[in-house]
Amino acid sequence: MPGGSFCRRVPKDEDNPAADKGMQGMDQPIISVRGLNKTYASGHQALRNINLEIRRGEIFALLGPNGAGKTTLINIICGIVNPSKGLVQADGHDIVRDYRAARRKIGLVPQELTSDAFESVWRTVSFSRGLFGKAPNPAWLEKILRDLTLWEKKDNRIMTLSGGMKRRVMIAKALSHEPQILFLDEPTAGVDVELRREMWEMVRGLRANGVTVILTTHYIEEAQEMADRVGVINKGEIILVEDKKVLMRKLGKRQLTLSLQAPLSALPPALAQENLELSADGLTLIYSFDTQGEQTGIADILRRLGEHGIDFKDLHTKESSLEEIFVGLVKGRS
Ligand SMILES: Nc1ncnc2c1ncn2[C@@H]1O[C@H](COP(=O)(O)OP(=O)(O)OP(=O)(O)O)[C@@H](O)[C@H]1O
Ligand SMILES: [Mg+2]
């Protein structure tokens, strides 16, 4: 799927030119969430004091385990769920007070696929555009359907499409009104590897055309592949927001594991340092080091162990993955 030009690079809002031209600088975050809380009627607190800014034109991946609050957060920003407390702005528009203007900026591909099974692809997508009060623009719709390789299917009923095609129809619907911000809630759950790669390609194409993309995913590989920045949410709290490259550098950690000849009751004080750990049974030493650093420090550690008469019978190294860091982060908070 070619990463075609989905959206105009220069944002334009026919209704409220001031919103884009002067009042809202291009360096301002496109989404701003402040002090956001959500307690559902059941009494369950799904979001706790969320503060988050999404930068204009970035791909932001929101990672978190089941039930962390990802969909709740997205649905609040998109005006589908009411916040209990806090402020959300989309391109300078308050999502509660200025709902229509805010919502027009946003396209949402929801986690649950919903569409009218008996309608044709073309009518479904045209109807979506109409909901936003946009004048018909068949050329635009043709373009998105072609870019999503759905053009051949435009007259087919949704029910006759495969799962992957239905997912693409959801994306076409979300893009029908030319939004500047696209939310993809688990876009590739249950999607095969090939289609997943096509989706990634498409998302990159969107970004190249100035669209800001926020996606949630369980596939850490997806965040690793796509995102400019990554946010981790757990139990309704944002526990980390980081530039992906910075995160990757942190992930570049490796571990050297040394199986000792004889158990140690404690590390000699001269060897006590943050990145050297003794296992509870005293039989294993774990040394963590940074692969990006100029020197691993392994030679130095081995020399110092020798000086202290600590012998080992085996050693191996292991690289920690984003998965492990993520699991560690989430577990550490539970
Ligand atoms: N309408 C609702 N009423 C009551 N509780 C809800 C409602 N919707 C969601 N919740 C609860 O809020 C919490 C967050 O749910 P949410 O759907 O936002 O999680 P999520 O991070 O998107 O999870 P998943 O990865 O499974 O999609 C969960 O405990 C969920 O059960
Ligand atoms: Mg969800």
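Residues numbered from 1 in each chain as written. Chains lettered and ligands numbered in written order. Predicted model: local features only at pLDDT ≥ 70, side-chain atom pairs only at ≥ 80, totals over all residues. Heavy atoms only, no water.

Remark on secondary structure: sheet strands pair via backbone hydrogen bonds, oriented parallel or antiparallel. Strand order in the open sheet made by the six strands is S6-S7-S8-S3-S9-S10, with mixed pairing throughout. The open sheet terminates on both sides in strands that have one partner only, identified here as strand S6 (106-109) and strand S10 (237-243). Geometrically, the sheet is characterised by an average inter-axis angle of 15° between neighbouring strands, direction not taken into account. Taken together, the five bridges between strand S7 (residues 181-185) and strand S8 (residues 212-217) define a ladder with parallel strand orientation. Residue pairing in the sheet places Leu182 in a bridge with Val213 of S8. (Pairing = 2+ DSSP bridges. Helix = DSSP H or I, 4+ residues; strand = E, 2+ residues; numbered from the N terminus. Axes fitted to C-alpha atoms, helices over the stretch in contact; angles between N-to-C directions.)

At 1.9 to 2.2 Å from the magnesium ion (ligand 2) lie its protein donor atoms, namely Thr71 (OG1) and Gln111 (OE1). Taken together, the residues span a long stretch of sequence, with Thr71 in helix H2 (residues 70-77) and Gln111 in the loop between S6 and helix H4 (121-131) at a distance of 40 residues. You can call Thr71 partly exposed: its relative accessible area is 27%. (Donors = N, O, S within 2.8 Å, 3.2 Å for Na, K, Ca; no water. Buried < 20%, exposed > 50% of the residue type's maximum accessible area, 1.4 Å probe, protein only.)

Counting 42 residues, the largest nonpolar core has Ile171, Leu182, Leu184 and Val213 as its most contacted members. In this structure Val213 touches Glu58, Ile59, Phe60, Leu182, Leu184, Val203 and Leu206, once residues within four positions along its chain are discounted. (Core = buried A, V, L, I, M, F, W, Y, C linked by side-chain atoms within 4.5 Å. Contact = heavy atoms within 4.5 Å.)

Here we come to the packing of H4 against helix H6 (residues 163-175). Here H4 crosses H6 at 30°, and the two axes come no closer than 8 Å. The angle between H4 and H6 places the two elements in the roughly parallel class. Viewed along their axes, H4 and H6 form a crossing whose handedness is right-handed. Contacts between H4 and H6 involve Val121, Thr124, Val125 and Ser128 from the former and Val169, Ala172 and Lys173 from the latter. When grouped by side-chain class, the residues that make up the contact of H4 with H6 number four nonpolar, two polar and one charged. (Parallel < 35°, antiparallel > 145°, perpendicular 65-115°, else oblique. Left-handed = near helix turned anticlockwise from the far one by under 90°. Nonpolar A, V, L, I, M, F, W, Y, C, P; charged D, E, K, R; others polar.)

Contacts to ligand 1 come from 15 residues, most closely from Asn66, Gly67, Lys70, Thr71 and Thr72. The side chain of His44 places a nitrogen or oxygen atom 3.1 Å from an oxygen atom of ligand 1. Here an oxygen atom of ligand 1 sits 2.5 Å away from a polar atom, N or O, in the side chain of Thr72. When the free accessible area of ligand 1 is taken as 640 Å², the share hidden by the protein chains comes to 65%. (Near = heavy atom within 4 Å. Polar contact = N/O pair within 3.5 Å; in protein donor to acceptor, adjacent residues only side chain to side chain. Areas by Shrake-Rupley, 256 points an atom, 1.4 Å probe, with all protein chains shown as cover.)

Of all five residues making up strand S3 (residues 59-63), five are buried, and the element is well covered by its neighbours. Residues Ile59, Ala61 and Leu63 line one face of S3 and the alternating positions Phe60 and Leu62 line the opposite face, and both faces are buried.

Below, the discussion takes up the confidence of the model for the protein. Atom-level detail of predicted coordinates should not be read off regions where pLDDT is low. Taken residue by residue, the protein gives an average pLDDT of 85. The fraction at 70 or more is 85%. At the low end of the mean pLDDT range in the protein sits helix H1 (residues 17-21), at 44; at the high end sits strand S1 (residues 31-39), at 98. Throughout residues 1-23 the model reports pLDDT below 50, and contacts reaching past four residues in sequence, or to other chains, amount to 57 contacts. (pLDDT = per-residue confidence, 0-100.)

Here the focus is the packing of aromatic side chains. Evaluated as defined, the whole model comprises two aromatic pairs. Considering the side-chain rings of Trp122 and Trp151, the 6.0 Å spacing of their centres and the 75° angle between planes classify their relative orientation as edge-to-face. A residue pair is termed long-range when its members are at least 10 positions apart, and Trp122 in helix H4 and Trp151 in the loop between helix H5 (138-147) and H6 qualify at 29 residues. Ring plane angle 20° and centroid distance 5.9 Å describe the contact between Tyr287 and Phe289, whose orientation is recorded as stacked. No difference in accessibility class separates Tyr287 from Phe289, as the two residues are buried. Its guanidinium or amino end placed over the ring of Trp151, Lys154 lies 5.0 Å from that ring's centre, counting from NZ or CZ. (Phe/Tyr/Trp six-rings, centres within 6.5 Å; stacked < 30°, edge-to-face > 60°. Lys NZ or Arg CZ within 6 Å of the ring centre and 35° of its normal.)

With that settled, consider the layout of surface pockets. Considered as a void within the structure, the largest pocket measures approximately 560 Å³ in volume. As for the largest pocket, its lining consists of 28 residues, and the residues nearest its centre are Arg103, Ser128, Leu131, Phe132 and Lys173. Looking at the lining of the largest pocket, the elements that each hand over two or more residues are H2, helix H3 (99-104), S6, H4 and H6. In terms of residue count, H4 provides more of the lining of the largest pocket than any other element does, five residues in total. Its residues assigned to classes, the lining of the largest pocket comprises ten nonpolar, nine polar and nine charged. (1 Å grid on protein atoms, 1.4 Å probe; cavity = no way out; pocket = protein on both sides within 12 Å on 5 of 7 lines; lining within 4 Å. Points joined across faces, edges and corners; volume = space filled by probe spheres on them.)

Along the chain, Asp94 turns up in strand S5 (residues 93-94). Only 2.8 Å separates the side chain of Asp94 from the backbone nitrogen of Val96, close enough to count as a polar contact. There is a polar contact of 2.9 Å between the side chain of Asp94 and the backbone nitrogen of Arg97. Contact partners of Asp94, with chain neighbours within four places excluded, come to Leu87, Val88, Gln89, Tyr99 and Ala102.

Moving on, we get to H5. Every buried residue of H5 is listed here: Trp140, Leu141, Ile144, Leu145 and Asp147. Seen from one end, H5 has its buried residues packed into an arc of 165°, which puts them on one side. Away from the buried face of H5 by more than 90 degrees, exposed residues Pro138 and Ala139 are located. Turning to H5, the residues buried within the fold contact H4 and H6. Thr149 lies just past H5 and shows a positive phi near 50°. (Arc of directions from axis to C-beta.)

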